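Breakdown of the fold
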Amino acid sequence: ETGVTQTPRHLVMGMTNKKSLKCEQHLGHNAMYWYKQSAKKPLELMFVYNFKEQTENNSVPSRFSPECPNSSHLFLHLHTLQPEDSALYLCASSQEGPDEQFFGPGTRLTVL
Amino acid sequence: KQEVTQIPAALSVPEGENLVLNCSFTDSAIYNLQWFRQDPGKGLTSLLLIQSSQREQTSGRLNASLDKSSGRSTLYIAASQPGDSATYLCAAHMDSSYKLIFGSGTRLLVRP
């Protein structure tokens, strides 16, 4: 595997389900990011982790819970989501804060 | 409020045409600016990164410029091809933090 990978690529869940999104970067970077991309809206930064420590939480509802066990892996745990949470969730990584960011292919989430 | 704006929202050109995509930002103290390409339903592919100390960057048929004083960046695509059809996003680090501020994108269609 190279670059940034995300699984699953597609996810359909009910409002009462619990699921997790996984991201892995193979670039040796120190920072990892979760973004949300909704139709007709700019990408929204959700969380930032640097050296496994959360450095930014962009006022994200608590039904989204990130986890970063090491610099290469990032998870987004989902529970009791709403239909308006349906979106493309993108993971990215960079060497340090303001460096070039590299994105994964995304997970298309549909909440019924 | 720090913002990144892209105009036009959509552009259709015949194959072979040279074209320019525009990006404007509100803070002249920009740290760097990154151009991405996004195919439908896919992740973002990094095209070019311009540091605040640079005026332009080139990669193949792509040339990106940065004018901090006017708050503008342009992406020039030479000899456009149908395979260039995608949404092009610009994003700026306004300081040395992790937060990348995205524009809404320009959706490009290159007609055969």
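Residues numbered from 1 in each chain as written. Chains lettered and ligands numbered in written order. Predicted model: local features only at pLDDT ≥ 70, side-chain atom pairs only at ≥ 80, totals over all residues. Heavy atoms only, no water.

1. Some remarks on the interface of chain A and chain B
Heads up, the rule is: Here, residues are in contact when the closest pair of their heavy atoms is within 4.5 Å. Note on definitions: buried area is the accessible-area loss of two parts on being combined, 1.4 Å probe, summed for both. By definition, a salt bridge exists where a carboxyl oxygen of Asp or Glu is found within 4 Å of a side-chain nitrogen of Lys or Arg. The definition of a polar contact used here is a pair of N or O atoms within 3.5 Å, where within protein one atom must be able to donate a hydrogen and the other to accept one, and adjacent residues in sequence count solely through side-chain atom pairs. Elements are defined by DSSP. Helices are runs of H or I of four residues or more, strands are runs of E of two residues or more, and each kind is numbered from the N terminus.
Counting residues at the interface gives 25 residues for chain A, matched by 22 residues for chain B. Each partner contributes to the roughly 1,700 Å² buried at the junction of chain A and chain B, and carbon and sulfur atoms together form 57% of this total. Counting the surface chain A buries against chain B, the share from its top three residues, Pro 98, Glu 100 and Phe 103 of chain A, is 31%. Counting across the interface, chain A meets chain B through 0 salt bridges. For the interface between chain A and chain B, the tally reads 8 residue pairs in polar contact (both at pLDDT 80 or more). Only β4 (31–37), β5 (44–50), β6 (53–57) and β9 (87–94) of chain A provide two or more residues apiece to the side of chain A that touches chain B.

2. What about the state of the cysteines?
Applied cut-off: Disulfides are defined as pairs of cysteine sulfur atoms found within 2.5 Å of each other. For the exposure calls, accessible area comes from a 1.4 Å probe over protein chains only, and a residue counts as buried if that area is under 20% of its type's maximum, exposed if over 50%, partly exposed in between.
Within this structure, the stated rule accounts for 2 disulfides over all chains. The disulfide bridge from Cys 23 of chain A ends at Cys 91 of chain A, spanning 1.9 Å between sulfur atoms. Looking along the S-S bond of the Cys 23 of chain A-Cys 91 of chain A disulfide, the torsion reads about -75°, which is the left-handed sense. One end of the pair, Cys 23 of chain A, is in strand β3 (residues 18–25); the other, Cys 91 of chain A, is in strand β9, with 68 residues separating them in the sequence. Judged by its relative accessible area of 0%, Cys 23 of chain A is buried. One disulfide bridge connects Cys 23 of chain B with Cys 90 of chain B, the sulfur atoms lying 2.0 Å from each other. Residues Cys 23 of chain B and Cys 90 of chain B are joined by a disulfide whose S-S torsion is about 80°; by sign, that bridge is right-handed. Within this pair, whereas Cys 23 of chain B is found in strand β3 (residues 19–25), its partner Cys 90 of chain B is found in strand β9 (residues 86–93), the two being separated by 67 residues in sequence. Looking at Cys 23 of chain B, the relative accessible area reads 1%, which means it is buried. Free of any disulfide, Cys 68 of chain A has its nearest neighbouring cysteine sulfur in Cys 91 of chain A, separated by 9.0 Å.

3. Structural notes on the sheet that holds β3 of chain B
Residue and element names in this part refer to chain B. For the record, the criterion: At least two DSSP bridges between two strands are required for those strands to pair. Where helices are involved, their axes are fitted lines through C-alpha atoms of the stretch in contact, as for all axes, and angles between N-to-C directions lie from 0 to 180°.
Taken together, 5 strands build an open sheet; the order of strands is β1-β3-β8-β7-β6 and the sheet is antiparallel. The open sheet is flanked by β1 (4–7) and β6 (56–59), the only strands paired with a single partner. The mean angle between the axes of side-by-side strands here comes to 15°, regardless of whether they run parallel or antiparallel. As judged from the 4 bridges shared by β6 and strand β7 (residues 62–67), these two strands associate in the antiparallel manner. Across the sheet, the residue bridging to Glu 56 is Ser 65, located in β7.

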